[in-house]
Amino acid sequence: MSQDSPHAKSRSVSVDDIGVRRQLADGSEESVTWAELSAVVVRVIPEGPWNEDVFLMLAGADGNGTAVPSGDPAADALIERLQSLPGFDNDKFVEAMTTDADEAYVVWKAGTN
């Protein structure tokens, strides 16, 4: 169903009004609900151009969460939803998405509106 590259570990990612779920190739699932979301980090790993190098990391308050590759088909819907969060740092997000530095950019934290 997904059109990921053979290197991707996701089978599918879904974004809805409840949260984000990522079905992994091994059959396991990672998820976080919007209600429990505590932080959003853009992690840049300079692996490109052939490997996925930017991940949207979503951390939940209870230690759960997921990382979504920016090239995933669901990433556009996820980014649109994240940008609507109160206090989302869009300038830092743009910087993270356009750099090749090996860094993690915190673009949102709960309670920072």
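Residues numbered from 1 in each chain as written. Predicted model: local features only at pLDDT ≥ 70, side-chain atom pairs only at ≥ 80, totals over all residues. Heavy atoms only, no water.

1. Considerations on helix H1 (residues 75-83)
We apply this condition: Classification of residues uses two cut-offs on accessible area relative to the type maximum, computed with a 1.4 Å probe and protein chains only: under 20% is buried, over 50% is exposed, and between them is partly exposed. For the purposes of this entry, the term helix denotes a DSSP run of H or I that reaches at least four residues, the term strand denotes a run of E that reaches at least two, and both are numbered from the N terminus. Working note: the arc is built from the helix axis to C-beta atom directions.
By the burial criterion, the buried members of H1 are Ala-75, Leu-78, Ile-79 and Leu-82. Looking straight down H1, one finds its buried side chains confined to an arc of 100°; they lie on one side. Facing away from the buried surface of H1 by more than 90 degrees, the exposed residues are Asp-76 and Glu-80.

2. Some thoughts on the sheet that holds strand E7 (residues 103-109)
Heads up, the condition is: Any two strands with at least two DSSP-identified bridges between them are counted as paired. Axis lines are fitted to C-alpha atoms, over the contacting stretch for helices. Their N-to-C directions set the angle, which ranges from 0 to 180 degrees. What makes two residues a contact is simply this: any of their non-hydrogen atoms within 4.5 Å.
What the four strands build is an open sheet, ordered E6-E5-E4-E7; its pairing is antiparallel. The sheet terminates laterally at strand E6 (65-69) and E7, the two strands that pair on one side only. Geometrically, the sheet is characterised by an average inter-axis angle of 20° between neighbouring strands, direction not taken into account. Relative to E7, strand E4 (residues 37-44) runs antiparallel, the two being bridged by six bridges. Pairing of Ala-39 across the sheet is with Lys-109, part of E7. Contacts between H1 and the sheet are confined to E4, strand E5 (54-60) and E6, with E5 contributing the most and set at about 55° to the helix. Here helix H2 (residues 90-97) sits on the sheet in contact with E4, E5 and E7, set at roughly 155° to E7.

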